[in-house]
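Listed below, chain by chain, are the residues.
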Amino acid sequence: MTTNAIIMLLVIATLGHVMAGIWYMAFRNKWSICDRKIYNIEISDKQLARELKNSIHTPLHAVILAAFLYAGCFPDREVTGFFITIAIAFVWAEIWHYASHRAMHLKSLHWIHVEHHKSHVNSPFTAISFSFTEKLVFDLGYLIVLALLDLVFPLNFYGVAGWYVGYLIVNSFSHANFELRPGDYNSMLGKVLTSTTYHSLHHSRYTGNYGLATRALDQIFATEWTDYEKLYRRVASEHRPLDKLREKVE
Ligand SMILES: [Zn+2]
Ligand SMILES: [Zn+2]
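Residues numbered from 1 in each chain as written. Chains lettered and ligands numbered in written order. Predicted model: local features only at pLDDT ≥ 70, side-chain atom pairs only at ≥ 80, totals over all residues.

Caption draft 1: Spatial organisation of helix α10 (residues 228-236). Where α10 is concerned, the buried positions are Y228, L231, Y232, V235 and A236. Buried residues of α10 fall within an arc of 115° about the axis and therefore sit on the same side. On its buried side, α10 packs onto α8 (196-205). (Buried ≥ 20, exposed ≤ 12 C-beta atoms within 10 Å, placed from the backbone. Helix = DSSP H or I, 4+ residues; strand = E, 2+ residues; numbered from the N terminus. Arc of directions from axis to C-beta. Contact = placed C-beta atoms within 7 Å.)

Next comes the structure, spelled out in structure tokens:
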């Protein structure tokens, strides 16, 4: 294993906590990026303590990726291979996240996902609060399929790892209780990509809006909350947070 690969794995092992630390400082010190609150509901210290305790599983991403690297997977090191791999990884992660997330909302599998859903209003630590099994299922599904593809078309390790870096950053944005994106976000980029408000609705209402970075699969399978864009406008343009978890803006 090269020094660069070890550095990459260390970044993946710690980035979730670094991002959570930044959002925690922003939240505690009331930075202006926290101004557009999504839910006007207090987050208890008990919730923060529980989430922080669960975050012990977060470095699992790096441990499992290291095992695949040690087994000889993802040997490509070319620039072209990096871009091809990260594109494949992005598409597969969107599909796998949506499918496994919906499966984990079935009664028989919900025990895997229930810990993450104990947070109804998201805090700076919700993005790193998952059960060990949920992280294991997600990582194995993501990496096994890429490793199978790697047998016929060698993939680039930094492309596979680069997706994790993007995921850890974007996932931490997606779990704050404030909207960071501009008010007119849904007129362009937001038609395709999700937002913090998008995932907040999944936590407060418990179902719907299952997608990770994109809205496509929620739209295809009709699982997107229909009042999402109105609600986004209310939070991000009108600066009027929601007062109740199940509140709708039809
Ligand atoms: Zn869920
Ligand atoms: Zn979540």
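Caption draft 2: Quick peek at the environment of L109. By secondary structure assignment, the location of L109 is in the loop between α4 (79-103) and α5 (110-113). The exposure class assigned to L109 is partly exposed, which follows from the 16 C-beta atoms found within 10 Å. Excluding anything up to four places from it in sequence, L109 contacts A103 and M104.

Caption draft 3: Highlighting the nonpolar core. Ranked by internal contacts, the top residues of the largest apolar core, which has 46 residues, are I12, L65, V160, A161, W163 and Y164. For this core, the element with the most residues is helix α7 (residues 157-174), which contributes eight residues. Sequence-distant contacts of A161, that is, excluding residues within four places in its chain, are made with M8, I12 and L65. (Core = buried A, V, L, I, M, F, W, Y, C linked by C-beta atoms within 7 Å.)

Caption draft 4: Expanded view of the packing of helix α1 (residues 3-28) against α7. Taken N-terminus to C-terminus, the directions of α1 and α7 make an angle of 5°; their axes are 9 Å apart at the nearest point. It follows that α1 is roughly parallel to α7 by the angle criterion. In contact with A5, M8, V11, I12, L15, G16, M19, A20 and W23 of α1, α7 contributes F157, Y158, A161, Y164, V165, L168, I169 and S172. The residue inventory of the contact of α1 with α7, partitioned by class, reads 15 nonpolar, two polar and no charged. (Axes fitted to C-alpha atoms, helices over the stretch in contact; angles between N-to-C directions. Parallel < 35°, antiparallel > 145°, perpendicular 65-115°, else oblique. Nonpolar A, V, L, I, M, F, W, Y, C, P; charged D, E, K, R; others polar.)

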